[in-house]
Amino acid sequence: MKRILSFLIILTILCTVFVSSTLSSAAAFAKTPFSRTNIPAQLKVTASALNVRSGPSTYFKVVGLVYKNQIVDCIGKLGDWYIIHLNNDTVGVASGKYLKPYYPPTNQPAPKPTPKPPNTDTPAPSPDGEISQEEQKMLDLINAERAKTGAQPLKMDKEVARVAQIKAQDMVDRNYFSHTSPTYGSPFEMLKKFGISYRYAGENLAGNSTVERAHTSLMNSEGHRKNILNPNYNYVGIGIVNSPKYGKIFVQMFIGK
């Protein structure tokens, strides 16, 4: 009986210490100051692979993963941790030890918004408005998903497709993966620079080896799936460019007129 009583006393002490330690850690996280000033708009990943967590500590669960040299958008800072926005519309926190400020090069004038001559191995929209087999396949997959929800099918807009192709080529040439282009700015700014008017607009990006795999990854992401199924959109432009890093870069630009 004495041995059982002693064991219960020790167990009670350990539980008290554990709970006290946990509460102290939680209190420390709660007091971590949030800052939105003096932070870079974009960050570059320096680690080979970096966990993105739900809070500013390794105690928090992992909600995403970014890789070396990837450029991510910065929203704010919590102590030594940056709040970043991922390409799948997830917001998380990553250690500042493995992120450094990224500033797009400004020592050269930005190229004029005209399409580059396509590489011989890169599919490009035809000047007479025809689209490639891969672009048609991706459009068919999009419209099949929309049909399931009763949304009207999207039509391919050749001018929007030209802009999507230029964005995809820019991502490969400048080695970035982000909705914000160092050359043309946000998707909305880019569309306006090319003289495209719209009431609604959105953009999906994917890096994958095939159209089917890219489509699956986009449909498995809530933000990208919403763009594909959004009834406010009635036109789309699709750009596909070969990438040494991802296999292919896919850009989907949606507009509603």
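Residues numbered from 1 in each chain as written. Predicted model: local features only at pLDDT ≥ 70, side-chain atom pairs only at ≥ 80, totals over all residues. Heavy atoms only, no water.

Chemist: An account of the environment of Y102 is needed here, citing residue identities and associated values.
Modeler: Mapped onto the secondary structure, Y102 falls in the loop between β8 (99-101) and α2 (133-149). Classification of Y102 by relative accessible area gives buried; the value is 19%. In the structure, Y102 is positioned 59 residues away from L43 in sequence and 4.8 Å away in space, judged by C-alpha atoms. Setting aside residues no more than four positions away along its own chain, Y102 makes contact with Q42, L43, K44 and I71. (Helix = DSSP H or I, 4+ residues; strand = E, 2+ residues; numbered from the N terminus. Buried < 20%, exposed > 50% of the residue type's maximum accessible area, 1.4 Å probe, protein only. Contact = heavy atoms within 4.5 Å.)

Chemist: Which residues make up α2, and what values go with them?
Modeler: Compared with the 24 Å implied by 1.5 Å per residue over 17 residues, the 25 Å span of α2 between its first and last C-alpha is a close match. Elements that come into contact with the buried residues of α2 comprise β9 (155-156), α3 (158-174), α5 (211-219), α6 (222-229), β11 (235-243) and β12 (247-256). G150 sits one or two residues past α2 and shows a positive phi near 85 degrees. (Expected span 1.5 Å × (residues − 1).)

Chemist: Outline α5, listing residues and values.
Modeler: Three or more residues of α5 are buried, namely V211, A214, H215, L218 and M219. When α5 is viewed along its axis, its buried side chains cluster within an angular range of 130 degrees and face the same direction. (Arc of directions from axis to C-beta.)

Chemist: So what about the pattern of salt bridges? Which residues, and what values?
Modeler: Counted according to the given criterion, the structure contains eight salt bridges. The closest approach of N and O atoms between D157 and K257, which form a salt bridge, is 3.1 Å. You can see D157 sitting in the loop between β9 and α3 and its partner K257 sitting in the segment after β12, a full 100 residues away along the chain. (Salt bridge = Lys/Arg side-chain N within 4 Å of Asp/Glu carboxyl O.)

Chemist: Kindly report on the packing of aromatic side chains, identifying the contributing residues and their values.
Modeler: For the structure shown, the criterion picks out three aromatic pairs. When the centroid spacing of 5.3 Å and the interplanar angle of 50 degrees are considered together, the rings of F177 and Y246 count as tilted. Taken together, the positions of F177 in the loop between α3 and α4 (187-193) and Y246 in the loop between β11 and β12 put the pair 69 residues apart, joining distant regions of the chain. Owing to a relative accessible area of 9%, F177 belongs among the buried residues under this scheme. Its relative accessible area of 28% is what places Y246 among the partly exposed residues. Between the aromatic rings of Y184 and F194, the centroid separation amounts to 5.9 Å while the plane-to-plane angle is 55 degrees, which identifies the pairing as tilted. (Phe/Tyr/Trp six-rings, centres within 6.5 Å; stacked < 30°, edge-to-face > 60°.)

Chemist: Give me the lowdown on the side chain of T183, citing residues and values where you can.
Modeler: Mapped onto the elements, T183 comes out in the loop between α3 and α4. Among the residues examined, T183 registers a relative accessible area of 8% and is labelled buried. At 2.9 Å, the side chain of T183 forms a polar contact with the side chain of D170. A polar contact of 2.8 Å, which involves the side chain of T183, links it to the side chain of R174. (Polar contact = N/O pair within 3.5 Å; in protein donor to acceptor, adjacent residues only side chain to side chain.)

Chemist: Explain the nonpolar core to me, and be specific about the residues and the numbers.
Modeler: By size, the foremost hydrophobic cluster in this structure holds 22 residues, and its most contacted members are V163, M171, M190, L191, V251 and M253. Broken down by secondary-structure element, the contributors of at least two residues to this core are α3, α4, β10 (200-208) and β12. Here this core takes six residues from α3, the largest share from any one element. By size, the runner-up hydrophobic cluster in this structure holds 16 residues, among which are L139, L218, I238 and I240. (Core = buried A, V, L, I, M, F, W, Y, C linked by side-chain atoms within 4.5 Å.)

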